[in-house]
Amino acid sequence: MSGQTISAAARTALPADIHDPWLDTPCLLIDLEVLDGNVARMAALAHRARVELRPHVKTHKSLRIARTQLDAGAAGICVATVGEAEVMRSGGIEDILVAYNIIGEAKLARLLPLCADGGITLTADCVEVAEGYSTLAAAAGRTLPVLLEIDSGMRRTGVHPAEAGNVASKIAALQGIELVGILTHAGHAHDVTAQPDIEAVARREARAMQQARDALERQRIPVRVVSAGSTITAPYLSADDGVTEIRPGTYVFNDLRTLEMYACTPDQIAGTVLASVVSVSEEHVVLNAGSKTLTMTATPQHGLGKIRNRPGSSFVRLSEEHGVATLGEGDELRVGDRVQVLPIHICVCVDLQQEAYGVAQGKIAEVIRIDAARRSR
Ligand SMILES: Cc1ncc(COP(=O)(O)O)c(C=O)c1O
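Residues numbered from 1 in each chain as written. Predicted model: local features only at pLDDT ≥ 70, side-chain atom pairs only at ≥ 80, totals over all residues.

Let's talk about the overall build of the chain
- Counting its secondary structure elements, the chain contains eleven helices and 18 strands.
- Taking 377 residues into account, the globule formula puts the C-alpha radius of gyration at 21 Å, and the chain, at 22 Å, falls close to it.
- Once the C-alpha set of the chain is aligned to its principal axes, its extents read approximately 70 × 45 × 35 Å.
- Here the chain holds 377 residues, and the buried ones make up 46% of them.
- In the chain, the proportion of contacts linking residues at least 24 apart, taken out of those at least 6 apart, comes to 67%. (Helix = DSSP H or I, 4+ residues; strand = E, 2+ residues; numbered from the N terminus. Rg over C-alpha atoms; globule rule 2.2 N^0.38 Å. Buried ≥ 20, exposed ≤ 12 C-beta atoms within 10 Å, placed from the backbone. Contact = placed C-beta atoms within 7 Å.)

Here is the structure:
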């Protein structure tokens, strides 16, 4: 056994029972049938909407799963960090969109070999960031495609659509930059609760992109790429809105957040944390999955997470290595029992693991490396 990964001997013993003692807890399980269903469903959605699918790999950070998405028809992938781009490129993935303002010499130097090889599209929401890309383009000896990020309401990064033409014309004038289009992320869809309100966020996302596109075209900048749509908003967008590609990430595994946002059904959640009961008292049970495994993200409906198939369960608190939960009336657990926890935000849970265990027909069938775990810069 080395670190948190399983031994070579255990790998050769696959398929194995999820209660097999070599499988130590807490660990991440991925239901492979549900994963395949999620990948196929989003590919079909993109096809129907006549848009390209560019999954955001920050959810799984795994070459194996990125290849599954590409094999199912994805046009390329999207990453948030240079580290993710490096890992994905090392696995032979060519078409990579870096959907983040990349700043500073250290990161730009690491991007250089990737950009020199081609296939990298960059994102900027201001001239200062794009100036760094212009220097990078000179060093790479090639023109770099760049997307201008638009704020469609999240108030995170991105220029207001009304400002888009002005910023775009300055970026497009830089040496070595080809401004090929616009990008947005409507992450504020998580802030609403009713399904019609989510649809309204998506409609505003589409309108913001149409406004930005018009602004660029008025500056005679052709807009080839209109990149929008997450797991939550992509179902409400299509080519009819002028969108050319969607970038959902979480859909690949789903979690209680996407469930709460009407983006999946309970049986479409592929990722669970397998945890052991380490202590039982009259009022609660304690699992060995705490905030360093499940994270502290909570939602009004699902709290800090749920124990699968135990509907009355809820977490009362998490400390770093302890998850304190109460069970429903008549429900019982003993020390040593194992349970599957449905996480609130799977992307962060995955990032905390070095590998996940793929489950097929109730057995561990595969070890999935989280190749880009902790590559946050
Ligand atoms: C820029 C960008 N694009 C796409 C996504 C994918 O969103 P989701 O995981 O909700 O599908 C994210 C999520 O954080 C993002 O930040």
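Some words on the site of the ligand
- Near the ligand there are 14 residues, and of these His185, Ser230, Thr231, Gly249 and Thr250 occur at the shortest range.
- When its residues are assigned to classes, the shell around the ligand shows five nonpolar, eight polar and one charged. (Near = placed C-beta within 6 Å. Nonpolar A, V, L, I, M, F, W, Y, C, P; charged D, E, K, R; others polar.)

A few points about the nonpolar core
- Ile30, Val146, Leu148, Ala164 and Ile182 are the most contacted members of the largest nonpolar core, which totals 111 residues.
- Of the residues forming this core, the biggest block, nine residues, is contributed by helix α8 (residues 195–218).
- Two domains share this core, each providing at least three of its residues, namely domain 1 (8–30 + 264–369) and domain 2 (33–253).
- Non-local contacts of isoleucine 182, meaning those with residues more than four positions away in its chain, are made with Leu147, Leu148, Ile150, Ala164, Met209, Ala212, Arg213, Leu216, Val223 and Val226. (Core = buried A, V, L, I, M, F, W, Y, C linked by C-beta atoms within 7 Å. Domains from an automatic or database assignment.)

Looking at the domain arrangement of the chain
- Along its sequence, the chain is carved into domain 1 (8–30 + 264–369) and domain 2 (33–253).
- When each unit is reduced to the centre of its C-alpha atoms, the spacing between domain 1 and domain 2 is 32 Å.
- Taken together, the contact between domain 1 and domain 2 spans eleven residues of the former and 15 residues of the latter.
- Elements with a minimum of two residues in the side of domain 1 that touches domain 2: α11 (346–351) and β18 (363–369).
- At four residues, α11 tops the list of elements feeding residues into the side of domain 1 that touches domain 2.
- Residue composition of the side of domain 1 that touches domain 2, by class: seven nonpolar, two polar and two charged.

Comments concerning the environment of leucine 318
- Position of leucine 318 among the secondary structure elements: in strand β14 (residues 314–318).
- Setting aside residues no more than four positions away along its own chain, leucine 318 makes contact with Gly290, Ser291, Leu294, Met296, Leu304 and Gly323.

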